[in-house]
Amino acid sequence: MSFCRLTIAAMLLLGSSTAWAQSSPTLDKIKATGVVAIGTREASIPFNYLDDKNQQAGLSWEIALKVVDALRTRLNMPDLRINRVNVTPQTRIPVVANGTLDLECSSTTNNTERQRQVSFSNTFFVVGSRLLVRKDSGIRDWPDVAGKNVVVSAGTTAERILRKLSSDNNWQVNVILAKDIGENFLMVETGRAVAAMQDDVILYSNIARARNPALWQVVGAPQQREAYACMLRKNDAVFKAMVDGIIADLMRSGGYEALYTKYFLKEIAVKGGITVNLPLSDDMAALIRDPNDRPYQ
Amino acid sequence: MTYAWDWLIFFKPSVTGEGLYGWMLVKGLGWTVLISLVSWLFALALGTVLGILRTVPDRWLAWPALLYVHCFRNTPLLVQLFLWFFVVPELLPLAWGNAIKQMAPTTGQFLTVVLCLSLYTAAKVAELMRAGIEALPPGQRAAGAAMGLSQIDVYRYVLLPQALRTIVPPLTSDFMNVFKNSAVALTIGLMELTGQSRQLSEFSAQSFEAFTAATLIYMVVTYGVVLVMRHVEKRARIPGMLGVAR
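Residues numbered from 1 in each chain as written. Chains lettered and ligands numbered in written order. Predicted model: local features only at pLDDT ≥ 70, side-chain atom pairs only at ≥ 80, totals over all residues.

## Regarding the overall build of chain B
- A tally of helices and strands in chain B yields 10 helices and zero strands.
- Across its three principal directions, the C-alpha atoms of chain B cover 70 × 55 × 30 Å.
- Expressed as a percentage of its 246 residues, the buried residues of chain B come to 35%.
- Expressed as a percentage of contacts within chain B between residues at least 6 apart in sequence, the contacts between residues at least 24 apart total 73%. (Helix = DSSP H or I, 4+ residues; strand = E, 2+ residues; numbered from the N terminus. Buried ≥ 20, exposed ≤ 12 C-beta atoms within 10 Å, placed from the backbone. Contact = placed C-beta atoms within 7 Å.)

This is the structure in structure tokens:
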């Protein structure tokens, strides 16, 4: 019995010491500087955003904070400081690739092109592209947008899919490019486009923030799904294993559902209180049962 | 830094199926050059007129020109573009506004950018024009009048032939600025050179290559402007007035 325990203890020690023996550029840097650099977003609601009290909040932000807690324990650095670096969709990949950031958890899709520059943790959210339309627009499904103006955010997966759908089915959609999430909605609100195509969760949060949410609805079956994950430096298996473990534990322990309820089903402090109101999808339920880091593209 | 460089990315097919990544930059360059040249021509014409008006003795002509220059020169270009694109169609009668909004998107974006950039740049050209005229000794205007020339003839035969030549060197900077300012087009969705390099960087994840290429292309284009303007300067200079053009 005691032999058994000793062996287990020895194995655990060995295990942890081999983990330590493997070098981790991220952990080494954090240990040397006493600072961990984490990416923030201003309005990626409800993933990573500034709330009405100007506090950073969001589902992804809380995941990042859990990683910081784990770092404090693991490196035995209770005074570890967080350096917040605000990023945009255009800057987030270069700043992780060049080592400015140690971790970026917001609403970044994991795909194979990006994996050439950065590494991704376990997936923490699955989205699909859908259409946001005015309720009286008469658009009920994808074929209804044929020949119409549809807005997408420039450079997103939605843009790729829309161009492909349009050319495959000969729909002759006029693709309008918006530079960000806010402008995307402005294009349909002002009538320049009849529909906005984007990740479903962003559409729901746009509706929640609209002047009159009752005017809008989300239609069309979700197109090609995308996996949101945290970005970290390439070639750092140790740090990746650590972040992966934190996300997997969160999903297995039920902590993730609590976070989901907090940000997607309850009121959040944006614009005086809004509710995203997005029920848990089947894809998300499957992810929670089997946490993984597989991209869809 | 763990960045994976790939300079051959420009010769690889785009994930959107729109051809090679390099082709995206070429298309972007086409828009940049088109927007800039068209806007510059309008700005030059309008700016010259406004600049002259700013120097005429008649206050009823000079004041509106002054007001114009103040409005367009003292506000950010980006703000102006947003006003033209998002706000102006809402202020027009409903039918007009809808007609503008339902225009083919690229045409609508192009016309809006050209309008915005022309009016903005015209304000700067107007200031140069005024400076060119005011730099001339005041005696010239008086001398012209003393010879019995009408106000218009004083401008036509005495002031403008000199002023237009004097302002060629500073005009070069504004001509170059039009090319650089045309990048605002991406904010309303017209994918000119900067917009396309962003697209390239989003789709391929090779951001450093994309923006390095865009930087080099801008430098080549603006250097072309320098060469053209240098030629104009040489042809137009008044011997002994501005020193030796190089």
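There is more to say after this.
## Some remarks on the interface of chain B and chain A
- Listed by partner, the interface residues are 26 residues for chain B and 28 residues for chain A.
- Contributions of two or more residues to the side of chain B that touches chain A are made by α3 (77-91), α4 (94-101), α9 (193-204) and α10 (207-236) of chain B.
- When residues in the side of chain B that touches chain A are grouped by element, the largest group, six residues, is from α9(B).
- Among the residues making up the side of chain B that touches chain A, the classes are represented as 12 nonpolar, 10 polar and four charged. (Nonpolar A, V, L, I, M, F, W, Y, C, P; charged D, E, K, R; others polar.)

## Quick word on the confidence of the model for chain B
- A residue-level look at chain B finds 98% of positions with pLDDT of 70 or above and a mean pLDDT of 93.
- Looking at the elements of chain B, mean pLDDT is at its lowest for α4(B), recorded as 90, and at its highest for helix α1 (residues 21-55) of chain B, recorded as 97. (pLDDT = per-residue confidence, 0-100.)

## A closer look at the packing of α3(B) against helix α5 (residues 105-134) of chain B
All names here are of chain B.
- Packing of α3 against α5 leaves a shortest axis separation of 10 Å and a crossing angle of 135 degrees. One way to sum up the angle between α3 and α5 is to call them oblique. Read as a crossing pair, α3 and α5 show a hand that is right-handed. Between α3 and α5, the residues in contact are Leu77, Gln80, Leu81, Trp84 and Phe85 and Thr112, Val113, Leu115, Cys116 and Tyr120, respectively.
- In terms of residue class, the contact of α3 with α5 is built from eight nonpolar, two polar and no charged. (Axes fitted to C-alpha atoms, helices over the stretch in contact; angles between N-to-C directions. Parallel < 35°, antiparallel > 145°, perpendicular 65-115°, else oblique. Left-handed = near helix turned anticlockwise from the far one by under 90°.)

## Some points on the packing of helix α3 (residues 59-74) of chain A against helix α8 (residues 237-253) of chain A
All names here are of chain A.
- It is the contact of α3 with α8, at a shortest axis distance of 10 Å, that shows an interaxial angle of 120 degrees. Looking at the two axes, α3 sits oblique to α8. Viewed along their axes, α3 and α8 form a crossing whose handedness is right-handed. Contact with α3, carried on its side by Ile63, Lys66, Val67 and Ala70, involves Met242, Val243, Ile246, Ile247 and Leu250 of α8 and no other residues of that element.
- The class makeup of the residues in the contact of α3 with α8 is eight nonpolar, no polar and one charged.

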